[in-house]
Amino acid sequence: MPRGPPAFRPGIRTQQQIEAEQAKQPDEPYFGRPGMDRQAEKDRLSNVFAYGRRGVEEMQMRAAQKAASATGSGQQRTKAEPMKEQMIDQIVAEINERSEYVEQLRQQGMLSREQEAAIKAEVSQRVAELRRLGMEA
């Protein structure tokens, strides 16, 4: 029993219909959502990977507070500056403490390579914190 063309079913297109649609549409590469700022998205994702979601939310809250305080009185800005200086002093003290500890262990001959690597990693983290606060180490 010979079969004829299939009965009409919604969503099914014939080969001629498909070829006609493809001829109308040029092959254009897809570059993401229209109007999306790719660099801003890269920066946002790098912050998420570096600081985690909570860290990014805290940074956004601080930025909003900074913007609000910039329009506010000058007294609020002067309160933030001593806090920043206090944090910098604390980080510098931690770096000096770790350096003295390494020297003390080295003099006693009790410093292993693993301990030294761990302490150097801690010091480099503190230096990165100083750079984030705007101080060159």
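Refer to the preceding data block for the structure.
So, here's what we can say about the structure. Please read all numbers here as calculations on a predicted model, not as lab measurements. (Residues numbered from 1 in each chain as written. Predicted model: local features only at pLDDT ≥ 70, side-chain atom pairs only at ≥ 80, totals over all residues. Heavy atoms only, no water.)

1. Here we look at the environment of Tyr 51
Let me state the cut-off plainly: A helix here means a DSSP run of H or I that spans at least four residues, while a strand means a run of E at least two residues long, and both kinds are numbered starting from the N terminus. Exposed residues in this analysis have more than 50% of their type's maximum accessible area, buried residues have under 20%, and partly exposed residues fall in between, with area computed by a 1.4 Å probe over protein chains only. Here a residue-residue contact requires only that any non-hydrogen atoms of the pair lie within 4.5 Å.
For Tyr 51, the location among the structural elements is in helix H2 (residues 38-71). Look at Tyr 51 and you get partly exposed, because its relative accessible area is 34%. Among all residues touching Tyr 51, those that are not within four sequence positions of it are Val 56, Met 59 and Arg 132.

2. Quick look at the nonpolar core
To keep it simple, the criterion reads: We define a nonpolar core as any set of buried Ala, Val, Leu, Ile, Met, Phe, Trp, Tyr and Cys residues linked to one another through side-chain atoms lying within 4.5 Å.
By size, the foremost hydrophobic cluster in this structure holds 5 residues: Ile 88, Ile 91, Ile 95, Val 127 and Leu 130. Elements with a contribution of two residues or more to this core: helix H3 (74-108) and helix H4 (113-132). With 3 residues, the top contributor of residues to this core is H3.

3. A look at H4
Which entries qualify depends on this criterion: By this rule, a helix spans an expected 1.5 Å times one less than how many residues it contains.
The end-to-end C-alpha distance of H4 is 29 Å, a good match for the 28 Å that 20 residues give at a rise of 1.5 Å each. Looking one or two places after H4, you find Gly 134, whose phi comes out positive at around 100°.

By themselves these figures say nothing about function.
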